[in-house]
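Residue-level structural notes
One letter stands for each residue in the lines below.
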Amino acid sequence: MHTPPHCGKGRAAALQEVLNLLFVGCPTLACLIGVFLVILTAHCSSFSCLAFCRGRIVRVPKGPLIRVVGTEVAIPCSVSDYDGPSEQNFDWEFSRETDFVRIVSTWDSTFTSEEYQKRVGRGDIKLRRSSNDAVELVIRNIQPADQGRYKCSTPSTDATVQGNYDAEVQVKVISDGLSVSGSKARSSTSLRLSEGDSFKLRCSATTTSPEHTHLHVTWQVKSGSSWRDILSLTHEGKFQPGPGYEERYRSGDIRLDTGANDTYRLSVSQASSADGGAYRCLVSEWVRGADGSWQKIQEKSVEIATVSIQRTALDVVISTSNVSVTERDSLDLTCNITTDRSGIFQAEVMWYFSASPDDTLSDAQLLLSMDHDSVVSDSTLISLSHVDRNSYRLLVRDVDVEDSGYYFCEAAIWVPLHNGSWHKVVERTSAPVSVVVTALEPDYDVFLNASKTPKFSDDPTELNCRITNVQDTEANIRFTVSWYYRQRLPGDDVVAEQLLASMDADWALLLGDRGRERIQNGEIILSKKSADTFSLRIQWTSESDRGDYFCVISAWSRHRNNSWVKSKDVTSASVNIFWATQDYTLTVEAVKLKPFFVAGHTFEMTCKVSSKNIKTPRYSVLITAEKPLTDQSSPNGTTRIISLNQDSVVRLEDWTDQTRVDGVVLEKVQENEFRYRMYQTQISDAGLYRCVVTAWSPGGGGMWREAVNGLSNPIQIDFQTSGPVFNVSVHSDSPTIYQGEVADLLCIVTTEGMPLEPDDMSFDVSWFAVRSFALDREPILLASLDRRGIVMQSRRNGSSELSLERISPLEFRLRVHGCEDHDFGNHYCVVTPWVRSATGVWQREPDIRAKPIFLSVKMDVLNAFKYPLLIGIGLATAIGLLSCLIGYCSSRWCCKKEVQETRRERRRLMSMEMD
């Protein structure tokens with residue numbers, strides 16, 4: 001084994017001369033190329049060291065390999081841990097004593113010696129490649145002259161000579177001593193058996209091999225084109241059933257026994273149609289190799305017999321086709337079976353019932369059964385008797401309607417086995433027979449009348465449903481009722497009925513969707529007044545209850561299992577519930593009590609209500625205001641101010657002025673008159689005011705029911721003023737700034753018209769921002785400053801901060817500290833002026849919005865790239881120094897030794913000097 005030399009020593013010297021020239025011309029470029037060469041040298045040294053540690057390995061099986069004369073031999077050879085191309089070449093040589101003779105090669109057609117050229121040409125000796133790094137030497141019909149040593153060699157494709165390049169294996173050829181035969185009478189027999197019979201097959205297998213060999217015996221069957229394993233006795237002395245025969249082997253139906261004179265007997269019990277086919281005995285000879293593993297050296301087989309299985313015919317028929325019986329009578333059915341089976345057998349019969357003719361046995365109900373020992377399962381009302389050898393009678397006494405359906409009979413034939421047990425050989429099912437049981441229906445009529453009818457809304461309604469003319473009823477008959485409602489529409493339109501409630505056989509109440517809630521609340525009461533009378537009472541009848549009502553009386557019959565089955569339904573005639581009604585009318589009039597007033601005074605108006613056709617009404621009142629479109633408090637222009645419900649409970653609706661929480665009052669003057677007051681009116685209160693009134697009438701259970709709504713005429717509040725006019729503008733000295741700087745925005749208020757003292761006016765200021773160029777997004781509230789000097793800021797996600805201050809009576813400044821890129825956009829302020837009147841009352845003026853100004857935030861490119869650039873230069877320098885250090889260490893210690901040895905040449909390999 002050789003030590004690897006330095007990688008490309010001659011080329012390194014040439015590259016060094018080029019590098020010296022570059023140092024003179026371009027020192028910077030030469031330095032970079034030098035770093036690259038050092039890294040390349042380090043990797044080359046690492047790979048050379050790795051190859052030195054591994055080395056090429058050629059493997060063949062551990063010998064000697066024992067093979068039988070006349071058989072085919074395959075000797076594998078593989079190579080690993082090599083350099084060069086992935087597909088490797090192989091040479092095979094043979095030696096009987098000392099000198100090796102060339103047999104065959106994967107890459108050189110002239111490699112074969114004259115002694116083996118004919119056998120290689122005929123294909124008796126060939127190479128079979130299994131992968132890029134493995135082949136097999138295949139020798140057909142091996143002879144004693146082929147016994148000897150076989151050597152597998154691999155031509156080198158490595159940069160250095162390391163490991164082993166060939167391996168040898170000894171092959172020993174022994175004589176054929178295996179003999180396999182069938183029965184002595186004849187080599188192959190034919191057996192004809194019936195389903196369920198048993199049979200036995202024998203074969204003999206011996207060996208006279210000089211080596212210590214074991215036999216592997218397998219019984220196989222072929223019913224199609226391929227052989228299937230039944231049971232094997234392995235060369236290790238273990239029994240192994242074939243696929244699909246595991247359960248039969250465990251139950252003892254399939255056995256493999258050994259006998260005298262090296263015989264192997266296959267025993268099959270309970271033969272089925274799947275056991276038909278050709279049977280053979282397959283024997284293989286095995287020997288333990290030098291590595292301890294078992295190797296199959298030859299295999300022989302002999303066909304023993306051909307077995308045909310005759311199926312058992314069985315016909316199952318019910319003597320009657322379709323049967324109709326009356327309830328409480330008896331049902332009599334006979335099942336007849338016919339079979340061609342001779343000898344000893346017993347029949348098993350089972351009767352099934354199903355509601356559908358398409359149901360399978362798993363879905364059907366087993367009624368009664370008689371096994372092959374004539375044992376009948378127990379039943380009270382059903383009996384099964386054996387009339388004769390082929391007839392079995394089913395008798396069902398006291399039939400019921402539930403017995404209507406389909407009946408069928410299943411029969412099976414059982415035969416005895418040698419061990420005294422029984423085996424089922426065939427099973428058949430008859431066609432179903434339809435059985436119809438006619439019920440004994442009771443005869444009765446149903447009459448429905450209204451004992452109480454409503455004349456007005458919320459009056460009670462009571463309906464009675466009676467059973468009359470009852471005939472042919474027994475003690476096991478029970479009656480229940482179902483109540484239905486049908487809405488009556490004009491014309492011929494038909495509306496489906498709606499279930500109010502019904503009863504089941506146990507008189508449990510089942511509620512429908514229409515009457516569920518009212519029945520649970522006690523508004524509808526269902527009762528049974530007597531054995532033949534059922535009652536429906538509506539405590540408070542409403543307009544929605546008008547329509548047709550009818551009842552359905554159901555008769556239920558008790559069956560044998562004490563269950564109840566509905567036998568008949570009778571529907572009554574419908575009863576119409578209706579009363580004449582007139583439409584509700586409601587009139588509302590609003591009156592302004594003080595025709596003239598100014599801002600700061602009290603506004604007062606009354607709402608008078610009158611109604612018709614409403615029983616003992618009560619009223620709820622809502623005061624609304626329609627503000628001008630310039631008012632942003634209500635997008636649709638209508639504001640709900642205050643309300644008073646029918647129980648005289650007052651509630652503030654959308655009144656949001658916290659300074660005037662008690663500034664609005666709504667009170668009830670009379671049953672039909674209401675008064676609304678608004679104290680200290682503001683200019684912003686201008687608009688149209690109305691009364692929205694709802695009339696309520698008493699409903700069932702003390703509840704109030706909405707009857708009708710009404711709207712009053714509008715009352716207008718309008719202020720005529722000649723006060724000052726306010727204007728607002730936004731200004732900034734630097735609308736374009738860099739990130740991190742401070743942005744100053746001024747909101748400037750100017751006045752026109754009547755001059756005011758600074759103490760007589762105050763302002764609410766709010767700053768907004770729209771994060772877009774075209775004002776197409778929702779504005780974002782930044783900060784606000786009310787007239788009391790309280791500053792409110794909205795929550796922010798960035799690191800910039802806001803400050804809002806008043807720098808003069810009419811100027812307000814917004815500062816954005818540490819601006820970021822998301823602080824850009826259109827900025828504007830909204831100002832709400834407050835003016836103090838001569839009476840000392842503060843009046844709120846309409847909101848004024850300034851024209852927006854666009855704030856642009858730029859990025860400082862130098863500061864943004866300064867730190868990433870320094871970090872990149874530092875990392876690049878550190879990586880370069882680390883690469884130089886790795887290259888120096890690798891060239892210093894990993895490739896230290898130099899071997900001045902001439903490389904061993906291989907056939908058809910290019911020398912390194914020609915590269």
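From a predicted model like this one, the values you see are computed outputs, not experimental measurements.

Of the regular secondary structure elements, the protein chain holds 6 helices and 61 strands. Classification of the 915 residues of the protein chain by burial places 40% in the buried group. Summarising the internal contacts of the protein chain: among those between residues at least 6 apart in sequence, 61% fall at separations of at least 24. Surface summary for the protein chain: the accessible area is close to 50,600 Å², and the carbon and sulfur share equals 51%.

If you trace the 6 strands from one edge of the open sheet to the other, you get β11-β19-β18-β13-β14-β15, paired in mixed fashion. Of all the strands in the sheet, just β11 (189–194) and β15 (239–241) have a single pairing partner and so form its edges. Pairwise comparison of adjacent strand axes, ignoring direction, gives a mean angle of 25° for this sheet. Pairing geometry for strand β18 (residues 277–288) and strand β19 (residues 294–310), over 12 bridges, is antiparallel. Bridging from a neighbouring strand, Arg 288 pairs with Trp 294 of β19.

With that settled, consider unusual backbone geometry. Generally, phi is negative for residues other than glycine and the peptide bonds are trans, each holding for most cases. With omega at 0°, the peptide bond leading from Gly 63 into Pro 64 counts as cis. Mapped onto the elements, Pro 64 comes out in the loop between β1 (57–59) and β2 (65–68). Despite not being glycine, Asn 141 shows a phi value in the positive range, around 50°. With respect to the element layout, Asn 141 can be found in the loop between β7 (134–139) and β8 (148–153). For Asn 141, a relative accessible area of 45% puts it in the partly exposed group. A positive phi angle, close to 65°, is found at Ser 648, a residue other than glycine. As for its placement among the helices and strands, Ser 648 is situated in the loop between β43 (638–644) and β44 (650–652). Residue Ser 648 is classed as partly exposed on the basis of its relative accessible area, which comes to 40%.

What follows covers a nonpolar patch on the surface. On the surface, Tyr 867, Leu 870, Ile 871, Leu 875 and Ile 879 cluster together to form a nonpolar patch covering roughly 570 Å² of accessible area. Turning to its location among the elements, Leu 875 is positioned in helix α6 (residues 861–894). The exposure class assigned to Leu 875 is exposed, which follows from its relative accessible area of 52%.

Here, UniProt's "transmembrane region" (unreviewed entry) annotation points to residues 21–42 and 867–888. Structurally, residues 867–888 is divided into 100% helix and 0% strand, and its ends, taken at the C-alpha atoms, are 32 Å apart.

If you walk through the whole model with that rule in mind, you get 17 aromatic pairs. Geometrically, the ring pair formed by Phe 824 and Phe 854 is edge-to-face, given 6.2 Å between the ring centres and 65° between the ring planes. With Phe 824 in the loop between β57 (811–817) and β58 (825–836) and Phe 854 in strand β61 (residues 853–858), the pair connects residues that are 30 residues apart, well separated along the chain. By relative accessible area, Phe 854 is classed as partly exposed at 25%. One aromatic cluster is present, formed by Phe 94, Tyr 116 and Tyr 150 through successive ring pairs. Positioned over the ring face of Phe 100 is Lys 151, at 4.5 Å from the centre of the ring.

Each value, and the rule that gives it
Every chain begins its residue count from 1, and numbering advances along the sequence as written. Residue-level local features of this predicted model are given only where pLDDT is at least 70; pairs of side-chain atoms are given and counted only at 80 or more, and the full residue set underlies all totals for whole chains, interfaces and linings. Side-chain measures here rest on the full set of heavy atoms in the structure, leaving out hydrogens and waters. By the criteria applied, helices consist of DSSP H or I runs no shorter than four residues and strands consist of E runs no shorter than two, each listed in order from the N terminus. Exposure categories follow from relative accessible area, calculated using a 1.4 Å probe and restricted to protein chains: below 20% of the type maximum is buried, above 50% is exposed, and the middle band is partly exposed. By the convention used here, residues are in contact when the closest approach between their heavy atoms is within 4.5 Å. Only the protein chains shown count as covering a residue, and every accessible area follows the Shrake-Rupley method with a 1.4 Å probe. Between any two strands, pairing holds if DSSP finds at least two bridges. In this analysis, axes come from line fits to C-alpha atoms, helices being fitted only over the stretch in contact, and the angle between any two N-to-C directions falls in the range 0 to 180 degrees. Residues qualify for a patch when their relative accessible area is over 30% and they have no salt bridge, like charges being joined within 9 Å and the nonpolar side chains of Val, Leu, Ile, Met, Phe, Trp and Tyr within 5 Å. Salt bridges are identified by distance alone: a Lys or Arg side-chain nitrogen within 4 Å of an Asp or Glu carboxyl oxygen. UniProt positions are given in the numbering used here, feature names are shortened, and annotations may be inferred rather than shown by experiment. A pair of aromatic rings is counted whenever rings of Phe, Tyr or Trp (Trp by its six-membered ring) have centres within 6.5 Å, and the orientation is called stacked for planes under 30 degrees apart, edge-to-face for over 60 and tilted otherwise. The criterion for a charge sitting over a ring is simple: Lys NZ or Arg CZ within 6 Å of the ring centre, and within 35 degrees of the ring normal.

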